[in-house]
Amino acid sequence: MSAKDKAQQNGKDHVIIFDTTLRDGEQSPGATMTFEEKLEVAELLDDMGVDVIEAGFPIASQGDFEAVSEIAQRAKKATIAGLARAIPADIIRAGEAVKHAGRPRIHTFVSTSPIHLEHQMRKSQEEVLDIITSTVTLARDLVEDVEWSAMDATRTPIEYLCRCVEAAIKAGATTINLPDTVGYTVPDEIRDMFKSIREQVPSSDKVVFSAHNHDDLGMAVANSLAALDGGVRQIECTINGLGERAGNAALEEIVMAVKTRGDVMPYYTNVDASKLTRASKLVSAASSFPVQFNKAIVGRNAFAHESGIHQDGMLKNTSTYEIMTPDSVGAGKTSLVMGKHSGRHAFKTKLEELGYDLSDNALQDAFVRFKDLADRKKHVYDEDIEALVDENIATAEDRVKLESLTIIAGTHGPQSATLTLGIDGEHKTVQSTGNGPVDAAFNAIQQLVPHDAKLALYDVHAVTEGTDAQAEVTVRLEDRDLGVSTTGRAADPDTMVASAKAYISAMNKLEQRRVRGRLMPAEQLAVSDRRGP
Ligand code: KIV
Ligand code: ZN
């Protein structure tokens with residue numbers, strides 16, 4: 001197939017989906033992901049047909065560098081991009097991180113708007129033009145595929161933006177991204193901006209134009225779709241719309257808008273939409289950002305019908321109130337059939353339906369835990385099974401394991417916890433009190449495993465409905481000396497048990513990071529602060 005045929009399918013143009021969940025998304029306050037979580041998200045993005053994965057900002061920290069580099073080595077199909085400011089050291093580091101990818105890309109950016117030039121960069125327009133030429137040239141010396149972004153493009157005068165884009169193309173950029181960094185533009189304006197640039201800049205037909213829209217006014221997706229009409233063929237977006245401030249354009253909304261309204265938008269994407277729900281859940285769990293119930297495409301109510309009139313219509317014909325089927329986005333209806341009578345085969349099939357591919361040992365382990373849960377809980381929903389499997393990751397290396405926990409709570413404090421942990425295979429028991437049962441449990445852990453890590457986040461939510469629902473607890477611990485934080489997650493019908501398990505999981509991960517840290521050369525340990533662009 002020729003490049004032109006590839007870009008066209010049934011008369012429709014291909015829209016490149018560039019996912020920046022692991023960079024712009026992960027950069028949003030509180031959304032930090034661990035190394036393992038990033039690998040898992042990247043693997044799913046690659047598998048579902050995302051064309052470009054922006055895996056991180058390699059100069060930001062040793063952890064970011066390692067994650068980008070590992071993702072680059074593991075990616076099967078996707079282009080792997082690393083972000084770099086317009087600084088030679090950044091670009092070299094990004095080139096180093098992506099170099100083992102089958103398709104490496106360096107994404108470098110500089111601000112172009114008068115506001116940024118005057119107040120942030122303190123540089124003249126001519127100086128910025130020189131920077132564009134030298135940095136894009138350097139990036140092109142390292143890789144063939146270079147994306148250049150004009151930060152705050154939508155607040156940049158069009159004449160100057162044209163000169164910047166021309167300089168970037170001349171220096172070898174292959175993709176030109178014009179972000180709406182502050183979420184300020186509106187659909188007509190962004191469409192016209194791309195049209196004018198493409199009409200005025202020489203050789204603009206030789207590059208791909210890209211949109212990167214933030215959602216401060218709630219128009220990121222609308223602006224991205226309007227940009228397609230202006231000639232853009234790459235959209236930058238994130239799962240669940242994660243990202244700086246109000247977030248970025250949501251990948252699942254872009255993909256489904258293009259798919260569902262092919263009658264008015266002659267485009268297609270390579271993304272397998274049936275994996276969208278799984279991706280949403282994975283990113284929500286890894287980032288600890290819950291998905292709002294009424295979120296388009298992936299919210300738990302996106303395919304729920306409550307009103308009598310709607311239910312009546314749905315029973316007669318689903319097209320009365322549904323423009324897409326839940327199946328098409330992988331949101332199979334919650335099923336009640338899994339219970340204590342279900343066998344291993346049914347359990348395995350259910351896991352496959354939910355998108356898991358477990359080894360025999362992991363499957364057996366998950367099955368034992370499922371049976372245990374089914375004995376204690378009337379209905380085992382898909383979400384319960386997902387929580388149970390997600391919780392079970394990487395416990396083999398854990399030094400500390402929860403053996404038993406008894407809590408005495410009620411109106412007359414102090415509440416107390418009796419806790420037994422297995423520490424390096426030895427059983428240790430302690431009794432502790434606290435200001436509430438969770439505090440008592442955490443104090444008991446601290447007594448048995450003294451440590452300096454600070455509790456940076458404690459979050460509880462019910463995985464499913466009902467008073468016998470599993471509680472899913474997220475705990476984030478921060479080791480300020482090491483400059484890292486780790487997240488532990490656990491689910492259990494008993495909130496206190498889930499809390500203790502989540503705390504212990506975060507502590508074990510911190511311990512693993514410390515051990516890895518000890519094995520690293522000292523200069524690599526100087527984890528810089530993780531502020532992104
Ligand atoms: O919003 C923005 O301008 C960015 C750039 C770094 C592409 O995220
Ligand atoms: Zn951004």
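Here, the structure is the one placed above.
Residues numbered from 1 in each chain as written. Chains lettered and ligands numbered in written order. Predicted model: local features only at pLDDT ≥ 70, side-chain atom pairs only at ≥ 80, totals over all residues. Heavy atoms only, no water.

Draft legend 1. The arrangement of the coordination of the zinc ion (ligand 2) in detail. At the metal site, the zinc ion (ligand 2) is ligated by D24 (OD), H212 (NE2) and H214 (NE2), and these contacts range over 2.0 to 2.1 Å. Here the donor residues of the zinc ion (ligand 2) are spaced in sequence according to D-x187-H-x1-H. Here D24, found in helix α2 (residues 21–25), pairs with H212, found in strand β9 (residues 208–212); they are 188 residues apart in sequence, far enough to count as distant. Note on H212: relative accessible area 5%, which makes it buried. (Donors = N, O, S within 2.8 Å, 3.2 Å for Na, K, Ca; no water. Helix = DSSP H or I, 4+ residues; strand = E, 2+ residues; numbered from the N terminus. Buried < 20%, exposed > 50% of the residue type's maximum accessible area, 1.4 Å probe, protein only.)

Draft legend 2. Geometry of the pairing of strand β17 (residues 484–492). Where burial is concerned, most of β17 is hidden: eight out of the nine residues are buried. Summarising the sheet, strand β16 (residues 471–479) and β17 pair through nine bridges and their orientation is antiparallel. Considered in β17, the bridge of A471 is made with D492. (Pairing = 2+ DSSP bridges.)

Draft legend 3. Molecular detail of the site of ligand 1. Neighbouring ligand 1 are the residues R23, D24, H107, F109, S149, M151, P179, T181, H212 and H214. In this structure, T181 approaches ligand 1 through a side-chain N or O atom, which is 2.6 Å from an oxygen atom. H214 places a side-chain nitrogen or oxygen 3.1 Å from an oxygen atom of ligand 1. Surface burial for ligand 1 is 97%, taken as the share of its 260 Å² of free accessible area covered by protein chains. Mapped by element, the contributors of at least two residues to the shell around ligand 1 are α2, β6 (104–111) and β7 (145–151). Of the residues belonging to the shell around ligand 1, the class tally is three nonpolar, five polar and two charged. (Near = heavy atom within 4 Å. Polar contact = N/O pair within 3.5 Å; in protein donor to acceptor, adjacent residues only side chain to side chain. Areas by Shrake-Rupley, 256 points an atom, 1.4 Å probe, with all protein chains shown as cover. Nonpolar A, V, L, I, M, F, W, Y, C, P; charged D, E, K, R; others polar.)

Draft legend 4. How the structure looks around the pattern of salt bridges. Applying the stated criterion across every chain yields a total of 26 salt bridges. A salt bridge links R261 to D263, with the nearest nitrogen and oxygen atoms 3.0 Å apart. Here D263 falls in the exposed class, since its relative accessible area comes to 59%. Salt bridges linked by common partners bring R23, D24 and E54 together as one network. (Salt bridge = Lys/Arg side-chain N within 4 Å of Asp/Glu carboxyl O.)

Draft legend 5. Looking closely at the sheet that holds strand β14 (residues 426–434). The three strands lie next to each other as β12-β13-β14, forming an open sheet whose pairing is antiparallel. Of all strands in the sheet, those bounded by a partner on one side alone are β12 (400–408) and β14. Adjacent strand axes in the sheet meet at a mean angle of 20° when their direction is disregarded. In the sheet, strand β13 (residues 415–423) pairs with β14 via nine bridges, with the strands oriented antiparallel. By the bridge assignment, G422 is partnered in β14 with H427. (Axes fitted to C-alpha atoms, helices over the stretch in contact; angles between N-to-C directions.)

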